[in-house]
Protein chains: 2
Amino acid sequence: MMRIGELSNRSNVPVATIKFYVREGLLPSGQRAKANQVSYDESHLRRLRLIRALVDVGKLSIATARRVLAILDDPSTSAFTGMGKAQYALSGHPDLDPDTPPPPAAAPEDLAEVDDLLARHGWSIRPGNPARAQLATAMATARALGLADGLELLDTYADAAQTVAEADVGLVVSPQAEQGTSPEATTLEESIERMLVWTVVGGQALAALRLLAQEATATKRL
Amino acid sequence: MMRIGELSNRSNVPVATIKFYVREGLLPSGQRAKANQVSYDESHLRRLRLIRALVDVGKLSIATARRVLAILDDPSTSAFTGMGKAQYALSGHPDLDPDTPPPPAAAPEDLAEVDDLLARHGWSIRPGNPARAQLATAMATARALGLADGLELLDTYADAAQTVAEADVGLVVSPQAEQGTSPEATTLEESIERMLVWTVVGGQALAALRLLAQEATATKRL
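Note that this is a predicted model, so its numbers are computed, not measured.

Quick look at the interface of chain B and chain A
Accessible area lost upon the coming together of the parts is a frequently used measure of interface size. In this assembly, 73 residues from chain B lie in contact with 73 residues from chain A. Where chain B abuts chain A, roughly 6,900 Å² becomes buried across the two surfaces, and 73% of that area is made up of carbon and sulfur atoms. Summed over the three residues of chain B that lose the most area to chain A, namely B:Arg210, B:Leu212 and B:Glu215, the buried surface amounts to 10% of that side. Counting every contact that joins chain B to chain A gives 6 salt bridges.

Now the structure itself:
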């Protein structure tokens, strides 16, 4: 147990910011020990790290971060649905975050092209996955901006994405979950936490590596 | 030549927004034809599409978009330096955009780890590439959040990024540029425009594909 000052020191988050997160419903309030003293424990420290990952690293809005954390705190969340819901929430799924405006509706012909791509790669995807509409929107944007030939790269992109995703899933799925034995609650929360954090941090690493590889390739070729 | 109403209709950008872009220095003002009439041409239409790509699709700030466009408009910009500068500007390089706060300084040991990774893959990168510091920051974040084992995936990530980057460079580099013959001004501007737009749109497509591949892989394995 620790007081808010120690929680602030250990987490490197200012006291005022900790109070803000409690007010916004991102961090459970501490236990009231005496009249003027609230105490926090290791779970608060861990949750603070996760909040910072979502808000500072992942650039999620407070509202989206609140939705993602609510999934973790829902006792009915199972490993598989939890990971799916959290992933959808990260993408700003409107059902999960009423404050996020829904993405511009993707045209049916763009969605059909996405579905063709998914089928070519043997990917089974629920139609509500927000990344499906995001991809359709990106494809429509490329076409509108005279980069329709960029769409020819997407099979190469999909192969690269599959390599990356297999590594990602291996990182966050525990062997118990794969064997179908029900993971313990802490393992489940940890799995979802790891998935959330790695989806964000790994996504940033991948974007940075793409830019670096572009410079390396352009330098070699020009 | 067209009046602002036609430019608005053809670009699907409201008149007030067009005026805002002119005021903010993103769009050159039209030619004053008569006392109360300003006329625009195809170059304005094309620039408007690019602005929307940067601001709406790329989520760049007005200040960053202005810097990126200034590179295009600088007659001393060559194909190679222009593409590099534009790429750096997209990453929010502080020298190019004084309004973007510099990213938290990456620790020397993280940068050293990035440089090891680059060396293992034979990538030649200028030390000022902002993606180098971004990758170091992502690695430090993963470690701070208990995901140090995620860093073991980065060689797999780098291979995937190289596949993607080779496709990217092939898309935007014209054969003339590769042969070393000086490309014409329009080809240069077009190349940089294509690179900018595809870096943004392709990056969104790659991020969406990674999320889709994660669901497909998790469904298969769980």
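Quick word on the pattern of salt bridges
The tally for this structure, following the rule as stated, stands at 20 salt bridges over all chains. Across the pair A:Arg132 and A:Asp115 runs a salt bridge, and its minimum N-O distance is 2.8 Å. Of the two residues, A:Arg132 sits in helix H7 (residues 130–144) while A:Asp115 sits in helix H6 (residues 108–120), which places them 17 residues apart along the sequence. When the shortest N-O distance is used, the salt bridge between B:Asp149 and A:Arg194 registers 2.7 Å. With B:Asp149 in the loop between helix H7 (130–144) and helix H8 (154–172) and A:Arg194 in helix H10 (residues 185–221), this residue pair bridges two chains. For B:Asp149, a relative accessible area of 29% gives the class partly exposed. Bridged by salt links that share partners, the residues A:Asp110, A:Glu113 and A:Arg143 form one connected network.

As for the side chain of B:Asn129
By the secondary structure assignment, B:Asn129 is in the loop between helix H6 (108–120) and H7. The exposure class assigned to B:Asn129 is buried, which follows from its relative accessible area of 1%.

With respect to the nonpolar core
Judged by nonpolar contacts, the single largest core of 138 residues is most densely connected at A:Trp123 and B:Trp123. In contact with B:Trp123, other than residues within four places in its own chain, are A:Leu209, A:Leu212, A:Ala213, A:Ala216, B:Leu118, B:Ala158, B:Ala161 and B:Gln162.

Examining the relation of the copies chain B and chain A
Taken as rigid bodies, chain B and chain A are interconverted by a rotation of 180° and an axial shift of 0.0 Å, the fit giving an RMSD of 0.0 Å. The transformation relating the two chain copies, once decomposed into turn and shift, fits a two-fold axis. Using C-alpha coordinates, one finds that chain B approaches the rotation axis most closely at B:Ala160, a distance of 2.4 Å. A shared interface surface links the copies, since 100% of the contact residues of chain B are contact residues in chain A too.

So, the packing of aromatic side chains
Residue and element names in this part refer to chain B. Evaluated as defined, the whole model comprises 4 aromatic pairs over all chains. With centroids separated by 5.9 Å and ring planes inclined at 50°, the aromatic side chains of phenylalanine 20 and tyrosine 21 adopt a geometry described as tilted. A relative accessible area of 29% places phenylalanine 20 in the partly exposed class. The exposure class assigned to tyrosine 21 is buried, which follows from its relative accessible area of 4%.

Here we look at the packing of helix H2 (residues 15–23) of chain A against helix H3 (residues 42–57) of chain A
Residue and element names in this part refer to chain A. Close contact between H2 and H3 brings their axes to 12 Å; oriented N to C, the two are set at 90°. One element, H2, and the other, H3, form an angle in the roughly perpendicular class. Residues Thr17, Ile18 and Tyr21 of H2 touch H3, and the partners they reach there are Leu48, Ile51 and Arg52.

What counts, and at which threshold
Residues numbered from 1 in each chain as written. Chains lettered and ligands numbered in written order. Predicted model: local features only at pLDDT ≥ 70, side-chain atom pairs only at ≥ 80, totals over all residues. Heavy atoms only, no water. Contact = heavy atoms within 4.5 Å. Buried area = accessible area lost by both parts, 1.4 Å probe. Salt bridge = Lys/Arg side-chain N within 4 Å of Asp/Glu carboxyl O. Helix = DSSP H or I, 4+ residues; strand = E, 2+ residues; numbered from the N terminus. Buried < 20%, exposed > 50% of the residue type's maximum accessible area, 1.4 Å probe, protein only. Core = buried A, V, L, I, M, F, W, Y, C linked by side-chain atoms within 4.5 Å. Least-squares fit on C-alpha atoms with pLDDT ≥ 70 in both. Phe/Tyr/Trp six-rings, centres within 6.5 Å; stacked < 30°, edge-to-face > 60°. Axes fitted to C-alpha atoms, helices over the stretch in contact; angles between N-to-C directions. Parallel < 35°, antiparallel > 145°, perpendicular 65-115°, else oblique.

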